[in-house]
Each structure stands twice: as structure tokens, then as C-alpha cells.
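Chain residues, written in single-letter form:
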Amino acid sequence: MRSYLATLGLSLPAGLLFAAYRGFNTAVSRPKMVMVLQLGGLLLKVPLSMLLIYGFSLGDASVPALGATGAALATTVVMWSQLIVALLLMRRDPFYARFGLQQGGLHAPRWDAIRRQLHLGVPMGLSILIEVTGFTFMAIFIARLGATAAAGHQLAANLVALMFMLPMALGNATGALVAQRIGARDFAAARRLGWHGLEIALAAGFVIGGVIFLLREQVLGLYTHDTAIIAAALPLLLWVWVFHSADAVQALAAAVLRAHRVAVMPMVIYALAIWGMGIGGGYFLAYGDSPWVPASLRGASGFWSAATVGLLVSAIALATLLAWIHRQERQEQAPAR
């Protein structure tokens, strides 16, 4: 494990720099280049991982089986390869010339720009930290309920993670388009795009969550044939439906609020809803001794029900905050009488 983590750590600088490239391309409506690079990285990573994990021989040359360390090494090679290609594109593609990315080398730090980035980036990062640790704490606490409960939770959590890819992508796209309209001082179009993105995300989240719930036995059967694990996961799939619908709304609302440079209040909302109501409420339901808590809300279901309520609260609060921001904008733009 130590060798795996040490090798994987070598990919971190490349991963962080590539994330900046990805964010820039998203902001200027050019995500296809990132998609091509990441698909190319995936095509490279699969065979490279197999070769390094299991080893190979080619004539007199051979590479020993490296196991998990080989998987980490493959990831490191792919991440640095993606970054190098991205840097070459930025230096040679005429598209990037208009942004001054092909002029000169490193520049001295611009502290005013760094302060502005930190003012927005730190609460954004903390918001993501709250979301991630919310799931992490759920897994840790549910693990205390036994291996079967933990396995059922992991199936539900994996489904949520897969389904979240769509609202996350919609949030990135909507946030970029809204920010562009705000930069162009076209606030009416920014508001329209924001609400349309929110509506699409809610509709897509509700439909996808519903399909997964209706086909829950078939979907869980793709993961395992263990009847005990499937029985542990089945009750969670109804919560997954509602959870995902709320998750889609909060992801879109948060992305649009970031485009409006609003990040501190969403962070506070996340802390209260996800940590307070979700984790705190889930722990109380799962492990509390209150006689009024029904058996169906104990154990893993208690955590999922509380997390769903917390996410619903955060979705409603973020959407309400977005509506207030829009109302403030309209008042500021209204002609004086």
C-alpha cells in the first residue's frame, strides 16, 4: 500500500495542472479538447495497467508483475502524458493565442489576482470537501453495522456517483455559459440560462433516478448475485431516487451561483445540511434509542434518509439563494424613476 500511494502521489502535480487546463477550456466553451485527451488517456491506461500489473516479456526484455504499484505507475504515466500534450496544444494551437497563453514563459505572481481566486476558490473547495466527507463519514459509520450493510451501501453509493456525472456535466456547462453572459453584461440571458439548466437537471435527475428504482433488482444484479447484499441494498434505492433528484438540483444551483461569484453562503448551507442534518441526523436515526424512530429508518436506511433530507434542504436553500441573487440583479438594473 505504501508503494502504491507513493507512486500514485507522483501523478498529483500533473493532475492538478491538468485540472487547471480542463477548467480553462470549460470556461471558454472548448471542452472537446479535454474530452479527446481524457479518452486518449483512458485508451492508454487500460492496456498499460494490465501490462504493469501482470508483467510481460518481449524477447530478452521483460517487466515483472508490479501488482497494485503497476496500476499506480500506469496512472502516473497517463496523467503526465495528458499534461504534456495539453501544454503542447496550448503553445501551438492558434485558438489559445488570443488569451496570451503563447507569449513568454513564467510570470511573477500577481497577488491581486491570486487574492480574488482564493476568495472564490477556498469556499468552493471547502464546499466540495463537505460533500465528499459527507459520503466518507456515511461509509465509516455504516461499516460499523457489518459487512453486509456496508456492501449494500457501497452499491447504492456507486450508483449515485455514476448518476451524478450528468448533473455535474450540466453544472459545468451551465456555469460556464452563465459566467460568459454575466461577463458580457447580458444578465437577462444569464438568468434564463441558469433556470433552464436547473429545470433540465431536475427533470433528468428525476427520470434517471426513477428508471434505476424501477429496474432496481436488475441493476443490482449487475453488481453481485449475493442475495444478502442485494437485500441490504434494495431498501436504499428509493432514497437514491430522491437523493439523486435533489443532488442534481443542488449541483446546478451551486454551479450557477459560482458563476455569479457567490460561494460563501453555499458553503455554509452545505455544512449545515450535509454535515448537520445528513451525518448528524443519520447517526441519530441509525444508532439512537428513541422509541418513535421506526425500524425502517434504522441502520443504513437511517443514514440515507437523513442524507436525502439534508440534500433536499440544501437544494431548496441554494435555489432560493439563486432566486434572491436574480432579484437583486433585476433591482439594480431597473431604471431609476
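Residues numbered from 1 in each chain as written. Predicted model: local features only at pLDDT ≥ 70, side-chain atom pairs only at ≥ 80, totals over all residues. Heavy atoms only, no water.

Engineer: Got a minute to help me understand the packing of helix H1 (residues 2–9) against helix H4 (residues 68–92) in this structure?
Structural biologist: Contact geometry for H1 and H4: axes closest at 8 Å, N-to-C directions at 5°. As the angle between them shows, H1 and H4 are arranged roughly parallel. Residues Ser-3, Tyr-4, Thr-7 and Leu-8 of H1 touch H4, and the partners they reach there are Ala-68, Thr-69, Ala-72, Leu-73, Thr-75 and Thr-76. Split by residue class, the contact of H1 with H4 holds five nonpolar, five polar and no charged. (Axes fitted to C-alpha atoms, helices over the stretch in contact; angles between N-to-C directions. Helix = DSSP H or I, 4+ residues; strand = E, 2+ residues; numbered from the N terminus. Parallel < 35°, antiparallel > 145°, perpendicular 65-115°, else oblique. Contact = heavy atoms within 4.5 Å. Nonpolar A, V, L, I, M, F, W, Y, C, P; charged D, E, K, R; others polar.)

Engineer: Can you help me understand unusual backbone geometry in this one?
Structural biologist: Most peptide bonds take the trans configuration, and most residues that are not glycine carry a negative phi. Here the phi dihedral of Ser-29 falls at roughly 60°; this positive angle occurs in a residue that is not glycine. Within the element layout of this structure, Ser-29 appears in the loop between helix H2 (12–27) and helix H3 (31–54). With a phi close to 65°, Arg-261 is a non-glycine residue in the positive phi region. The residue Arg-261 is located in the loop between helix H11 (236–259) and helix H12 (264–287) in this model.

Engineer: Could you clarify how one ought to interpret the environment of Gly-125 in this entry?
Structural biologist: For Gly-125, the location among the structural elements is in helix H5 (residues 111–143). Look at Gly-125 and you get partly exposed, because its relative accessible area is 35%. (Buried < 20%, exposed > 50% of the residue type's maximum accessible area, 1.4 Å probe, protein only.)

Engineer: I keep staring at the pattern of salt bridges and nothing clicks. Help me out?
Structural biologist: When their charged atoms lie close together, side chains carrying opposite charge are able to pair. The tally for this structure, following the rule as stated, stands at four salt bridges. We note a salt bridge from Arg-30 to Asp-93, for which the minimum N-O separation is 2.9 Å. One end of the pair, Arg-30, is in the loop between H2 and H3; the other, Asp-93, is in the loop between H4 and H5, and 63 residues separate them in sequence. Across the salt bridge formed by Asp-186 and Arg-181, the nearest N and O atoms sit 3.5 Å from each other. Classification of Asp-186 as partly exposed rests on a relative accessible area of 30%. The class for Arg-181 is partly exposed, based on a relative accessible area of 30%. (Salt bridge = Lys/Arg side-chain N within 4 Å of Asp/Glu carboxyl O.)

Engineer: Looking at this structure, how should I read the packing of helix H6 (residues 147–163) against helix H9 (residues 216–223)?
Structural biologist: Each pair of packed helices can be summarised by the angle the axes make with each other and by the distance between the axes. Between H6 and H9, the shortest axis-to-axis distance is 11 Å and the interhelical angle comes to 100°. In terms of axis orientation, H6 runs roughly perpendicular to H9. Contact with H6, carried on its side by Leu-155, Asn-158, Leu-159 and Leu-162, involves Val-219, Leu-220 and Tyr-223 of H9 and no other residues of that element. Along the lines of polarity and charge, the residues of the contact of H6 with H9 split into six nonpolar, one polar and no charged.

Engineer: Just checking my understanding: could you explain the packing of aromatic side chains for this structure?
Structural biologist: Any two aromatic rings considered together are summarised by their centre-to-centre distance and by the angle between their planes. Applying the stated rule across the entire model yields 16 aromatic pairs. Look at Phe-135 and Trp-304: their rings are 6.1 Å apart centre to centre, the planes differ by 70°, and that puts the pair in the edge-to-face class. Highlighted residues: Phe-135 in helix H5 and Trp-304 in helix H13 (residues 300–333), separated in sequence by 169 residues. By the ring-pair criterion, three or more aromatic residues cluster together here, those being Phe-18, Tyr-21, Phe-24, Phe-95, Tyr-96 and Phe-99. (Phe/Tyr/Trp six-rings, centres within 6.5 Å; stacked < 30°, edge-to-face > 60°.)

Engineer: Sorry if this is basic, but what is going on with H3 here?
Structural biologist: Residues three or four positions apart in an α-helix share a direction because the helix packs 3.6 residues into each turn. Here H3 contains 24 residues, and its C-alpha end-to-end distance of 34 Å stays within 8% of the 34 Å for a straight helix at 1.5 Å per residue. Looking at H3, one finds that the buried residues are Val-34, Leu-37, Gly-41, Leu-48, Ser-49 and Leu-52. The positive-phi residue at the C-terminal boundary of H3 is Gly-55, with phi of around 80°. (Expected span 1.5 Å × (residues − 1).)

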